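# Survey of secondary and tertiary structure
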Amino acid sequence: KIKDLRAREIFDSRGNPTVEVDIILESGISGRMMVPSGASTGQFEALELRDGGTRHRGKGVMKAVENANTIIRSALIGQDIEDQAHLDNLMNKIDGTAEKSNLGANAILGASFACIHAAANEAGLPLFRHLAKKYLPAGEELSIPVPMVNIISGGLHAGKNIDLQDFLIIPVSPTSYPEALEMIYNVYWKTREVLIKKGHNAYLLADEGGFGPQLSSNEEALEVLSEVFHQCGYKPHTDVAIALDVASSHFYDAEKNNYRLNSEDRSLSSVEMIDMLEKWTKDHPVISIEDGLAENDWEGWTLLTQRLGKHIQLIGDDLFTTNPARLQKGFDLKAGNSILVKMNQIGTLTETVFTLNMAKNAGFKTIVSARSGETEDATLSDLAVGLNGGQIKIGSVAGSSRLAKYNQLLRINEQLGGKYMGSSVFEF
Ligand code: PGA
Ligand code: ZN
């Protein structure tokens, strides 16, 4: 049973305030969660409650902390820690809004995940095992997910140097997680070398640890990666492939109904965006495209999926916002074939698991993802393994908020005896 809850304001990887929650059980055992925070957020995400005003540039989270320390605390004290669905429903009911705007999704998420941590600790199990026992069919084998790793960044994560948000790599040929990490390491450091040789700044890093060079076009990032693969001796497609997070909602102009590529001084229609992306999948080893079109461009998404969906992973991030109603709309309109799963877009563990399973059951690929604002909390790694998410997106191999997750996967890998999802996970 829950004995106490303590919430506080801490700071994330961008230096912004965020919520941390501790749950203490009657046994004295406890659990802790630090809440992540996005920058290129989707319009349909659950509400992250911030104080406004002048303190911490309006970004303080003292109201959310107070909601947790008073309202959520009194509701949770005395409740059974085993019944996560009940705990989450209780908080949702008290909040009473679809977007969790009364209590704040940051307050609710912190409490929700602190509870599962406490429950796992009480059961004497690592979190990933506890999650698997609770949410996966008995006997299902666990594997380390395949990472999708930021190498070159743009958009809102790198001062809008280029328009697309992320150029990522997917290790294809490695058959174990440590082997995949070695490939990621080699590509990361070779990219630094190649960028510096080309006269770019590769000393300053973007929000998720990728490089943020001032390239002359978006496509140049793809050319840089090809050069890097070549210099590393990796075969494109067979050894290593490219994933894009276009994050196009953030350069879509609703009034003009077009996509504005500022760094190239041109605007594209929905169909022209699809043409460009299709061409890139032919000219470069691109096998995965996230938010290729904007969050409200459903018509475009259906067309994009018709054109590329048979062999390219088309991920909805801002499009679906981990929200079951929006995912259902995606099924109905045949928009996308994969979903990015971000726990703070929806706000509780129970709802995160629901959306992930809904996607899996429909044959969608699932990619469990961090936010651009993170902390040393590594819950996400356990979540991705414990729910057999298949793929994980936690940024680049720079900064402790990122490495906390990669390192946790190394520990889990040891416990799983090296079981790794491998490349079959993103094949169609
Ligand atoms: P965000 O970006 O956390 O800033 O929203 C991550 C992403 O778009 O995948
Ligand atoms: Zn995204």
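With an unreviewed UniProt entry as reference, the chain is termed Enolase, source organism Daejeonella rubra. Per UniProt, the comment on the chain under Catalytic activity (unreviewed entry) is "(2R)-2-phosphoglycerate = phosphoenolpyruvate + H2O". Turning to the chain, the UniProt record has this under Function (unreviewed entry): "Catalyzes the reversible conversion of 2-phosphoglycerate (2-PG) into phosphoenolpyruvate (PEP). It is essential for the degradation of carbohydrates via glycolysis."

### So, the coordination of the zinc ion (ligand 2)
Within the protein, the zinc ion (ligand 2) binds to Asp 245 (OD), Glu 290 (OE) and Asp 317 (OD); these donor distances fall in the range 2.0 to 2.2 Å. Expressed as a motif, the donor residue spacing for the zinc ion (ligand 2) is D-x44-E-x26-D. Taken together, the positions of Asp 245 in strand β7 (residues 240-245) and Glu 290 in strand β11 (residues 286-290) put the pair 45 residues apart, joining distant regions of the chain. The burial state of Asp 245 is the same as that of Glu 290; both residues are buried.

### Quick look at the site of ligand 1
Taken together, 15 residues lie around ligand 1, and Ala 39, His 157, Arg 371, Ser 372 and Lys 393 are the ones closest in. Contact between ligand 1 and His 157: an oxygen atom at 2.8 Å from a side-chain N or O atom of the residue. Taking 280 Å² as the accessible area of ligand 1 by itself, protein coverage stands at 99%. When each cavity is represented as a set of grid points, ligand 1 is found to reside in the largest cavity.

### What about the UniProt feature "domain: Enolase C-terminal TIM barrel" (unreviewed entry) in the chain?
Mapped onto this structure's residue numbering, the UniProt feature "domain: Enolase C-terminal TIM barrel" (unreviewed entry) falls at residues 141-428. Along residues 141-428 the backbone is 39% helical and 17% strand, and the end-to-end C-alpha distance reaches 21 Å.

### Comments concerning the layout of surface pockets
When its volume is computed, the largest pocket comes out at roughly 210 Å³. When its residues are assigned to classes, the lining of the largest pocket shows five nonpolar, five polar and three charged.

### Overview of the UniProt feature "binding site: Mg(2+)" (unreviewed entry) in the chain
In the numbering used here, UniProt assigns the "binding site: Mg(2+)" (unreviewed entry) feature to Asp 245, Glu 290 and Asp 317. In sequence the annotated residues extend across 73 residues, while in space they remain close, none of their C-alpha pairs exceeding 9.0 Å. Of the annotated positions mentioned, Asp 245, Glu 290 and Asp 317 line the largest cavity. Setting aside residues up to four positions removed in sequence, Asp 245 forms contacts with Leu 164, Gln 165, Asp 166, Leu 168, Glu 290, Asp 291, Asp 317 and Lys 393. Residue class for Glu 290 comes out buried when judged on its relative accessible area of 0%. What Glu 290 contacts, discounting residues up to four positions off in sequence, is Leu 244, Asp 245, Val 246, Ala 247, Ile 315, Asp 317, Leu 340 and Lys 393.

### Structural notes on the sheet that holds strand β4 (residues 146-147)
Two orientations exist for strands paired in a sheet by backbone hydrogen bonds: parallel and antiparallel. One open sheet holds the nine strands; their spatial order is β4-β15-β14-β13-β12-β11-β7-β6-β5, and the pairing between them is mixed. Both outer strands of the open sheet, β4 and β5 (149-153), are each paired with one neighbouring strand and no more. Here six bridges tie strand β6 (residues 166-171) to β7, and the two strands are oriented antiparallel to one another. Bridged to Pro 171 within β7 is Val 240.

### So, the environment of Arg 326
On the secondary structure map, Arg 326 appears in helix α9 (residues 324-333). By relative accessible area, Arg 326 is classed as buried at 11%. Each C-alpha atom of the pair Arg 326 and Phe 44 lies 8.9 Å from the other, and the pair is 282 residues apart in sequence. Setting aside its immediate chain neighbours within four residues, Arg 326 contacts Phe 44, Glu 295, Asn 296, Trp 298, Leu 319, Phe 320 and Thr 321.

### A few points about empty space enclosed by the protein
Applying the stated criterion to the full structure yields two cavities of 30 Å³ or more. If you trace the largest cavity, you find 15 residues lining it, with His 157, Gln 165, Glu 208, Lys 342 and Ser 372 closest to the centre. Taken together, the residues of the lining of the largest cavity break down into two nonpolar, six polar and seven charged. Each pocket or cavity is described by its volume, and for the second largest cavity that value is around 40 Å³. Forming the walls of the second largest cavity are Met 33, Met 34, Val 35, Pro 36, Met 343, Glu 374, Thr 375, Asp 377, Thr 379, Leu 380 and Lys 405. Looking at the lining of the second largest cavity, the elements with two or more residues in it are β3 (30-34) and α12 (379-386).

Criteria and thresholds
Residues numbered from 1 in each chain as written. Chains lettered and ligands numbered in written order. Predicted model: local features only at pLDDT ≥ 70, side-chain atom pairs only at ≥ 80, totals over all residues. Heavy atoms only, no water. UniProt positions renumbered as here; feature names shortened; annotations may be inferred. Donors = N, O, S within 2.8 Å, 3.2 Å for Na, K, Ca; no water. Helix = DSSP H or I, 4+ residues; strand = E, 2+ residues; numbered from the N terminus. Buried < 20%, exposed > 50% of the residue type's maximum accessible area, 1.4 Å probe, protein only. Near = heavy atom within 4 Å. Polar contact = N/O pair within 3.5 Å; in protein donor to acceptor, adjacent residues only side chain to side chain. Areas by Shrake-Rupley, 256 points an atom, 1.4 Å probe, with all protein chains shown as cover. 1 Å grid on protein atoms, 1.4 Å probe; cavity = no way out; pocket = protein on both sides within 12 Å on 5 of 7 lines; lining within 4 Å. Sits in = over half its atoms within 2 Å of the grid points. Points joined across faces, edges and corners; volume = space filled by probe spheres on them. Nonpolar A, V, L, I, M, F, W, Y, C, P; charged D, E, K, R; others polar. Contact = heavy atoms within 4.5 Å. Pairing = 2+ DSSP bridges.

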